[in-house]
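# Chain and residue survey
Each chain, written out:
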Amino acid sequence: MMEFFDYFEQVYAERWPALLEALKGEGRAVELRFDGAAEPYYLDEASVFAAKTLSVEPGMAVLDMCAAPGGKSLILASMLKGEGSLQCNDRSPDRRIRLSHVLENSLPPEWRTNITVTGYDGVKFGLHKKESYDRILLDAPCSSDRHVLASPTHLAEWSSKRVKRLSVEQGSLLASACDALKPGGELVYGTCALAPLENDAVVAKILKKRPAMEIVQVEELPEGADRTELGVHVLPDRTHGCGPIYCAKLRKRDV
Ligand SMILES: C[S@@+](CC[C@H](N)C(=O)[O-])C[C@H]1O[C@@H](n2cnc3c(N)ncnc32)[C@H](O)[C@@H]1O
């Protein structure tokens, strides 16, 4: 159990005690209530920021590669306003049930007509849907450190090996997302992890493996968010409880 604390003390040094306290505290959710929707949805403010970073416009072909339970899909759908297409994909059948419920109940009917829910393994998109999407959100499976901290069982199971394993899985999903993106298209890679190995390191690797990809600077950051080498990290000690959310924006050069 100590491994978790030692690991992040090394990463965050003198910032760690305040960050740890903030991670144990209340998160900061905003209510998403769209006119005509049956139910509101509550989403961390930093998650809203990450989804909006994708700059979706009506008419675009959009993929949310790891979409369940669907909070960020709601933001993408609200940017499309029913025009274009939104594919909400998630490999987990259980989580897809929740995803379908969220889309059905927290969006107005006119924003749902262009949405499909699928259950593919995200790593397959690069092969089977090559250069098909204008925008892709890859909100990758990650360590979810805030949840780990809240659960003695998960805390006991945490290991730096698992972080490394997840980092490899995230890299495969990101490679697939790059290949599924149209030339000129943009993607956002995101996690709710604290470890740089799951964040900047995954993006740094893909920039080497996929030379057509380049970083797009995110202009407007939430108050207190940190710029990392390649992306943005929203951490709760400086944002009154928001996050953790990491995101990086990439474009595929139109050559
Ligand atoms: C961080 S959660 C996504 C949260 C979601 N974007 C939201 O805002 O509500 C990661 C999701 O990835 C899904 N997942 C994990 N591995 C996957 C894979 N190889 N292909 C597709 N989905 C995957 C998990 O089932 C999980 O629902």
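Just above, that's the structure.
Residues numbered from 1 in each chain as written. Predicted model: local features only at pLDDT ≥ 70, side-chain atom pairs only at ≥ 80, totals over all residues. Heavy atoms only, no water.

### Quick look at the overall build of the protein
Applied cut-off: Numbering goes from the N terminus for both helices and strands, where a helix is a DSSP run of H or I of at least four residues and a strand is a run of E of at least two. Radius of gyration means the value over C-alpha atoms here, while the globule rule gives 2.2 Å times the residue count to the 0.38 power. When accessible area is computed with a 1.4 Å probe and restricted to protein chains, residues below 20% of their type maximum are described as buried, those above 50% as exposed, and intermediate ones as partly exposed. Residues are treated as being in contact if the distance between any of their heavy atoms lies within 4.5 Å. For the area figures, the Shrake-Rupley method with a 1.4 Å probe applies, and any residue is considered shielded solely by the protein chains shown.
Broken down by element type, the protein carries ten helices and eleven strands. Relative to the compact-globule value of 18 Å for 255 residues, the protein shows a C-alpha radius of gyration of 18 Å, a close match. Oriented by its inertia axes, the alpha-carbon framework of the protein measures out at about 50 × 45 × 35 Å. Across the 255 residues that make up the protein, the buried fraction comes to 52%. A fraction of 73% describes how many contacts in the protein between residues 6 or more apart in sequence connect residues 24 or more apart. Looking at the protein as shown, the accessible area adds up to about 12,100 Å², and 51% of this sits on carbon and sulfur atoms.

### Here's the deal with the packing of helix α9 (residues 160–180) against helix α10 (residues 200–209)
Condition: Lines fitted to the C-alpha atoms define the axes, with helices restricted to the stretch that makes contact. Angles between their N-to-C directions range from 0 to 180 degrees. An angle below 35 degrees is treated as roughly parallel, one above 145 as roughly antiparallel, one from 65 to 115 as roughly perpendicular, and anything else as oblique. Crossings are classed by handedness, with left-handed meaning an anticlockwise turn of the near helix from the far one by less than a right angle and right-handed meaning a clockwise turn. Gly is put with the polar residues, along with every residue not named as nonpolar or charged; the nonpolar set is Ala, Val, Leu, Ile, Met, Phe, Trp, Tyr, Cys and Pro, and the charged set is Asp, Glu, Lys and Arg.
In contact at an axis separation of 9 Å, α9 and α10 are set at 45° when each is read in the N-to-C sense. Classed by the angle they form, the pair α9 and α10 counts as oblique. Note that α9 runs across α10; the crossing there is right-handed. Each of S167, Q170, G171, L174, A175 and C178 in α9 lies in contact with α10, whose residues at this interface are V202, V203 and I206. Classifying every residue of the contact of α9 with α10 by side-chain character gives six nonpolar, three polar and no charged.

### A short note on helix α4 (residues 71–80)
In terms of burial, α4 is a largely internal element, ten of the ten residues being buried. Looking one or two residues past α4, K81 carries a phi angle of roughly 55°, positive in sign.

### Let's talk about α10
Which entries qualify depends on this criterion: When we speak of the arc, we mean the arc of directions from the helix axis to the C-beta atoms.
Within α10 the residues assigned to the buried category are D200, V202, V203 and I206. Down the axis of α10, the buried side of the element spans an arc of 160°, and every buried residue falls inside it. Opposite its buried face, α10 presents the exposed residues K205, K208 and K209, each directed more than 90 degrees away.

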